[in-house]
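Next come the chains, spelled out residue by residue.
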Amino acid sequence: MISSEPFHEYNTRVIQLLRTQVSSSYNRNNHPICQKYWERIKDGEYYSEEASKLIEEYYQLVEVELKKIISNQSIAYWLHLSRSVQVNTMGADESEHKNLECKNILDTAFQKYGKLTLCNKVSLVKNVHLQNILGGILTIKEFEYERYLIAQFKYSLAFITLTANDIVEYYDLCKLVYEIWRCTSSTGSINRGYSLLVNHDPHRMFWINRGEMEELSINYNERLANVVQNSSMTGTVFVGDDYIEKSNAHFLNINYKRHSMRSLLFGDAFGPEFASYIPNYMPTVFPLKSYREAHQLFRNGFIEKFGFSPDSIYVIIAALILITREDRIQKRIKDLINIFNNCYSGPIAKSVLLDYIKSRTETISEMYEMSHEEVTSINLEKGFDYLKLIKNREILSLKFGGFNSVFLPIGNDSYIIDYLWIFDRLKNMYFDVKINQTKKGDMLEKILGKSTVIPTNGNLCTYKKQKNKEKDNEKEIDYAVAIKDVLIIVECKAVSYSIACHRGDKKAIEYRKNNVVEKSISDVDKKAIWLANHPIGTNYDITPFSYILPIGVSPFREYIHTLDKKYWITDKVPRVLSTSELLLLLRNFEINTETCQNLVPIIK
């Protein structure tokens, strides 16, 4: 009788054995390439262009080394290995944000340099005899359950061979990825005014000297760790009313905090045993319907640029989400566990996948309230091509770690479906699609206006979105709300987040500082001073309040470049917040007029 180990896969115990074998002897210091490069650089402190040049030169060497390793094997092998081994920490910095960035870089590297057909280390289960899977180890009596499992997935991938040396090679690859991340992070820090320290300490070799600005860096990184995914790279914000509706989506993210399925509200689907299961990838509710509605203003520009309707992509993504939903409803626990453990499925023939999507197009179009014109404009072939791995892979950037593909080829027109990159493709879907920028700002203000936050003293701000005129100058308040006797007024700046800024480009960082942080504070301060001196107008009366707190809001967490009190509400809370940070502040923040900075007294 086969013993039940419901959350194991055919390779789980084998990989555990190999990792145990490796762990006692593996050298966890920096990759040798790090010491080899930096030991020839003179000890000291480097600034600006000189520091950036050293980092870029080092980055190029690391990527070449990384390419040498990855290009020897297939994308399928690397994906199957990385999702099976689940290394959660790369390098000394164990922050969740850093680990997410490294995992993104790793996947991008696989897609950029891996072979597009199956290599000799991995095959479809149906194409290989049991004695040739994992070097024949599954034929041993104690692996009876693994033999049972692998028989259930004849069309899935299996390792033909996997040794301790393969695990060591993968660990070394993760070290290189960590160095790529260090380079990108360091470049951004240098271009924000920090310096580069070189010291021939074998454990560090180089690091960023933030000096007095360490506090700014810590504040920004802590805020990044709590990012809520409610905006695309275009700066378009979406907050859904469809979290509890059938139109919502369950995207998969890395489960770093090791939540159980019970805590993720999926446990009841399969009973108490499943409820205690801790998946490698956690289902996260995403308001796909609201995302689509918020980005309708990009529709025509997208069609003009790409030659097909964006609804083609929405239908495909919604169909992929339905796969996991149907597994859940029909209690196909093995299929679901496979996806939650590895975050991918397949391989699957393109024709089979498109037939599945076509069979669900009508249901999906009703769920997302698509018009007849929108439904007839759907082109699944072009939508599929948009989501599959591009031919010119050299343009993929490890510095950015994005624009990765959902459909990965393995040859013979078959593909792996990588669920991890669905949200990323949505986030970047309308990048560089031209629209009227004022409409994005209107959407940001609309999202804030949908907030359930109500002033605690009952004095509603009657001038929200009203215009106050003096000497033919219009004063428009984007959003306003009160906490006790303090009136908070908000200036919205919906500025797209560029790839160059993510890479740490100096001009892009400066542009963002000037056009979001500086401009929002400058504009809102002018309005606050004007309002404080004109507390009563034809359509408003703010005399019940004692102070005005002027702040800026952006779709993104913005880096604050100075400790100057002008830029802070308190020592920890900046005056330019993301939408989610603002809504959280309004729910939980207690304004103390003695410690709160930048309050403007209302003249009565």
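The structure displayed is predicted, hence computed values, not measured ones.

Enquirer: I keep staring at the packing of helix α3 (residues 48–70) against helix α7 (residues 164–190) and nothing clicks. Help me out?
Expert: Between two packed helices, both the angle of their axes relative to each other and the distance between the axes serve to describe the pair. Where α3 contacts α7, the two axes come as close as 9 Å, and the packing angle between them is 160°. Taken together, α3 and α7 sit at an angle that is classed as roughly antiparallel. As for how α3 packs across α7, the hand of that crossing is left-handed. Seen from α3, the contacting residues are Ser48, Ala51, Ser52, Ile55, Tyr58, Tyr59, Val62, Glu63, Glu65, Leu66, Ile69 and Ile70; seen from α7, they are Glu169, Leu173, Leu176, Val177, Glu179, Ile180, Cys183, Ser186, Thr187 and Ile190. The class makeup of the residues in the contact of α3 with α7 is 14 nonpolar, four polar and four charged.

Enquirer: Can you walk me through the pattern of salt bridges in this structure?
Expert: One side chain can pair with another of opposite charge once the charged atoms of both are near each other. What the rule picks out here adds up to 27 salt bridges. Close ionic contact of Arg299 with Asp311 constitutes a salt bridge, the shortest N to O distance being 2.6 Å. Of this pair, Arg299 sits in helix α11 (residues 299–306) while Asp311 sits in helix α12 (residues 311–329); the two residues are twelve residues apart in sequence, bridging distant segments of the chain. With respect to class, Arg299 is no different from Asp311; both count as buried. Where Asp523 meets Lys493, a salt bridge forms, and the shortest distance between an N and an O atom there is 3.0 Å. Here Lys493 lies in the loop between β14 (486–492) and α19 (499–502) and Asp523 lies in helix α20 (residues 506–533), a separation of 30 residues in the sequence. Residue class for Asp523 comes out buried when judged on its relative accessible area of 17%. Lys493 gets classed as buried once you look at its relative accessible area, which sits at 12%.

Enquirer: Is there a simple way to think about the sheet that holds strand β8 (residues 344–349) in this case?
Expert: Hydrogen bonds along the backbone pair up the strands of a sheet, which may run parallel or antiparallel. Strand order in the open sheet made by the three strands is β8-β10-β9, with antiparallel pairing throughout. A single partner strand is all that each edge strand has here, and the edge strands are β8 and β9 (407–411). On average, adjacent strands in this sheet sit at an angle of 25° to one another, irrespective of strand direction. Pairing geometry for β9 and strand β10 (residues 414–418), over four bridges, is antiparallel. Within the sheet, the bridge partner assigned to Phe407 lies in β10 and is Ile417. Helix α4 (residues 75–85) rests against β8, β9 and β10 of the sheet, and its axis sits at about 30° to β10.

Enquirer: Looking at this structure, how should I read the packing of α4 against α7?
Expert: Where α4 contacts α7, the two axes come as close as 11 Å, and the packing angle between them is 85°. Judged by the angle between their axes, α4 and α7 are roughly perpendicular. Contact residues: Tyr77, Trp78, Leu81, Ser82 and Val85 in α4; Asp166, Ile167, Glu169, Tyr170, Tyr171 and Leu173 in α7. Split by residue class, the contact of α4 with α7 holds eight nonpolar, one polar and two charged.

Enquirer: Help me out: how do you make sense of the sheet that holds strand β5 (residues 206–209) in this one?
Expert: Spatially, the three strands line up as an open sheet ordered β1-β4-β5, and their pairing is antiparallel. Either end of the sheet is taken by a strand with one partner, and the two such strands are β1 (44–46) and β5. Here the average twist between neighbouring strands, direction ignored, is 30°. Note that strand β4 (residues 195–198) and β5 share four bridges and pair antiparallel. Of the residues in β5, the one forming a bridge with Ser195 is Asn209. The strands touched by α3 within the sheet are β1, β4 and β5, with β1 carrying the most contacts at an inclination of about 100°. This element, α7, spans β4 and β5 of the sheet and lies at about 30° to β5.

Enquirer: Looking at this structure, I do not really get the packing of aromatic side chains. What am I missing?
Expert: One pair of aromatic rings is described through two measures. These are the centre distance and the angle between the planes. The full count for this structure, using the stated rule, is 25 aromatic pairs. Measuring from ring centre to ring centre gives 5.5 Å for Phe302 and Phe308, while their planes differ by 85°; the resulting arrangement is edge-to-face. Overall, the relative accessible area of 0% leaves Phe302 in the buried class. An angle of 70° between the planes, with centres 5.5 Å apart, marks the rings of Phe302 and Tyr430 as edge-to-face. Linking Phe302 in helix α11 with Tyr430 in the loop between α17 (422–428) and α18 (437–449), this pair joins segments that are 128 residues apart in sequence. Both residues of the pair, Phe302 and Tyr430, count as buried.

Enquirer: How should α20 be read in this particular structure?
Expert: Because each turn of an α-helix spans 3.6 residues, side chains separated by three or four positions in sequence point in the same direction. If you check α20, its first and last C-alpha atoms are 39 Å apart, about what 28 residues at 1.5 Å a residue would give, namely 40 Å. The largest bend in α20 comes to about 35°, at Lys519. Its side-chain oxygen 3.1 Å from the backbone nitrogen of Lys507, Asp505 forms the N-cap of α20.

Enquirer: Can you walk me through the side chain of Arg83 in this structure?
Expert: Considering the arrangement of structural elements, one finds Arg83 in helix α4. A residue is classified by how much of its surface remains accessible, and Arg83, at 1% relative accessible area, is buried. In terms of polar contacts, Arg83 uses its side chain to reach the side chain of Asp107, at 2.7 Å. With sequence-adjacent residues up to four places away left out, Arg83 is seen in contact with Asp107, Asn280, Tyr281, Asn341, Asn342, Cys343, Tyr344, Asp418, Leu420 and Trp421.

Enquirer: Even after reading the chapter, I still don't get the confidence of the model for the protein, so can you show me in this structure?
Expert: Note that predicted coordinates carrying low pLDDT should not be read in detail. The predicted model of the protein averages 82 in pLDDT, with 83% of residues at 70 or higher. No element of the protein has a lower mean pLDDT than strand β11 (residues 467–470), at 44, and none a higher one than helix α16 (residues 380–387), at 96. This model gives residues 241–245 a pLDDT under 50, and the stretch forms twelve contacts once residues within four places in sequence are excluded. In this model residues 450–473 is a low-confidence stretch, pLDDT under 50, and it forms 60 contacts with partners more than four residues away in sequence or in other chains.

Enquirer: How should the nonpolar core be read in this particular structure?
Expert: Of all hydrophobic cores here, the largest spans 94 residues; its most connected members are Trp38, Leu66, Tyr170 and Leu196. Broken down by element, the residue count for this core peaks at 13 residues, all from α7. With near-sequence residues (within four places) excluded, Leu66 lies in contact with Ala109, Tyr113, Leu173, Leu176, Val177, Ile180 and Leu398. Judged by nonpolar contacts, the second largest core, of 59 residues, contains Phe274, Phe298, Ile337 and Tyr419.

Enquirer: Any chance you could explain the environment of Lys519 here in plain terms?
Expert: You can see Lys519 is positioned in helix α20. Along the sequence, Lys519 and Lys493 sit 26 residues apart, while their C-alpha atoms lie 8.5 Å from each other. Setting aside residues no more than four positions away along its own chain, Lys519 makes contact with Lys493 and Asn514.

Enquirer: Sorry, what's going on with the environment of Lys289 here?
Expert: Locating Lys289 in the fold gives a position in helix α10 (residues 288–294). We classify Lys289 as buried; its relative accessible area is 11%. The sequence separation of Lys289 and Glu369 amounts to 80 residues, and the corresponding C-alpha distance is 8.8 Å. Looking at Lys289, its side chain comes within polar contact range of the side chain of Glu369, at 3.1 Å.

The rules behind these values
- Residues numbered from 1 in each chain as written.
- Predicted model: local features only at pLDDT ≥ 70, side-chain atom pairs only at ≥ 80, totals over all residues.
- Heavy atoms only, no water.
- Axes fitted to C-alpha atoms, helices over the stretch in contact; angles between N-to-C directions.
- Helix = DSSP H or I, 4+ residues; strand = E, 2+ residues; numbered from the N terminus.
- Parallel < 35°, antiparallel > 145°, perpendicular 65-115°, else oblique.
- Left-handed = near helix turned anticlockwise from the far one by under 90°.
- Contact = heavy atoms within 4.5 Å.
- Nonpolar A, V, L, I, M, F, W, Y, C, P; charged D, E, K, R; others polar.
- Salt bridge = Lys/Arg side-chain N within 4 Å of Asp/Glu carboxyl O.
- Buried < 20%, exposed > 50% of the residue type's maximum accessible area, 1.4 Å probe, protein only.
- Pairing = 2+ DSSP bridges.
- Phe/Tyr/Trp six-rings, centres within 6.5 Å; stacked < 30°, edge-to-face > 60°.
- Expected span 1.5 Å × (residues − 1).
- Bend = angle between axes of the 7 residues up to and from the residue.
- Polar contact = N/O pair within 3.5 Å; in protein donor to acceptor, adjacent residues only side chain to side chain.
- pLDDT = per-residue confidence, 0-100.
- Core = buried A, V, L, I, M, F, W, Y, C linked by side-chain atoms within 4.5 Å.

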